[in-house]
Amino acid sequence: VYLYMGEWSKSYEASERVLAGKSTLVNLNDEGGKLPNEFTSVEMITAYEVFPNSDYAGSLLLYPSFLQEYEEGKDLRPNKYYQANKNGNYTSIKSGESKFKCTFRTGELYLNSAEAAAHLNKLPEARTRLLKLIENRYTSEGYEQKKNEINAMSQEKLVTEILKERARELAFEGHRWFDLRRTTRPEIKKEIEDVTYTLEKVVNSGQTVIIEQDDPRYTLRIPQDAIDANPGLLN
């Protein structure tokens, strides 16, 4: 909650308080290990999610340009988190089944702490938390190269890198839309088979409107019937 509010000091303190009690991470260099967001993995803190449809993962395709966000040959996650189908498209392995009902896990807390620390200009602390996560997601050689890059980053570049890392690490875990909403709120376009699609929203009149940069529709108002039933929601 503090992260979403931009209350960086409180977010950092809360994240560090949790990590003081539990800080274990899945090391993807270990063969045969569990994925980080399995509810039986060492990263799990709470598991409240429910997945009623096991076909969920197979119905969503990974956008090709997003796969390129992972550093080939260095980052272990593409081969751990995704799989190619018969058409050559990639789908998520880490979602769609009841075993992936992890709600909060330590990997997310490392990123929360790193982001808050970076905004507070606590750059050594931000780098330490970010690099600990990356150490468990990259090959040993890839990690050493990434460490040098991150240690040379300015505050602005470090914040950007942490947000990119959130996208890579937490993909298909329900965070992306909310991270976009609380940060850059971009117009969302995708090009599929040479056709460009832009995210739109149907409004009350039945018309479709494009969700533009910083569009107020990133946040939806509470429905009037809900307010009528419980006026206290306005508070």
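Look above for the structure.
Residues numbered from 1 in each chain as written. Predicted model: local features only at pLDDT ≥ 70, side-chain atom pairs only at ≥ 80, totals over all residues. Heavy atoms only, no water.

What follows concerns the nonpolar core. Counting 24 residues, the largest nonpolar core has Ala-118, Leu-130, Ile-134, Ile-150, Leu-158 and Ile-162 as the members making the most contacts within it. Residue assignment for this core shows that the elements contributing at least two residues are helix 2 (8-21), helix 6 (106-119), helix 7 (123-135), helix 8 (140-151) and helix 9 (155-169). The biggest single contributor to this core is helix 6, with seven residues. Aside from chain neighbours lying at most four places away, what touches Leu-158 is Ala-118, Leu-123, Ala-126, Arg-127, Leu-130, Ile-150 and Met-153. Among the nonpolar cores identified, the runner-up in size contains 12 residues, and Val-26, Leu-35, Phe-66 and Phe-100 belong to it. (Core = buried A, V, L, I, M, F, W, Y, C linked by side-chain atoms within 4.5 Å. Buried < 20%, exposed > 50% of the residue type's maximum accessible area, 1.4 Å probe, protein only. Helix = DSSP H or I, 4+ residues; strand = E, 2+ residues; numbered from the N terminus. Contact = heavy atoms within 4.5 Å.)

Inspection of the entire model under this criterion finds 21 salt bridges. Here Glu-165 and Arg-77 are joined by a salt bridge, their closest N and O atoms 2.4 Å apart. Taken together, the residues span a long stretch of sequence, with Glu-165 in helix 9 and Arg-77 in helix 5 (residues 77-81) at a distance of 88 residues. Between Arg-137 and Glu-169 there is a salt bridge, with its nearest N and O atoms 3.0 Å apart. With Arg-137 in the loop between helix 7 and helix 8 and Glu-169 in helix 9, this pair connects stretches of sequence that are 32 residues apart. The same class applies to Arg-137 as to Glu-169, namely buried. (Salt bridge = Lys/Arg side-chain N within 4 Å of Asp/Glu carboxyl O.)

The end-to-end C-alpha distance of helix 9, which contains 15 residues, comes to 21 Å, matching closely the 21 Å that a straight helix rising 1.5 Å per residue would cover. Taken residue by residue, helix 9 has Leu-158, Val-159, Glu-161, Ile-162, Glu-165, Arg-166, Ala-167, Arg-168 and Glu-169 as its buried positions. (Expected span 1.5 Å × (residues − 1).)

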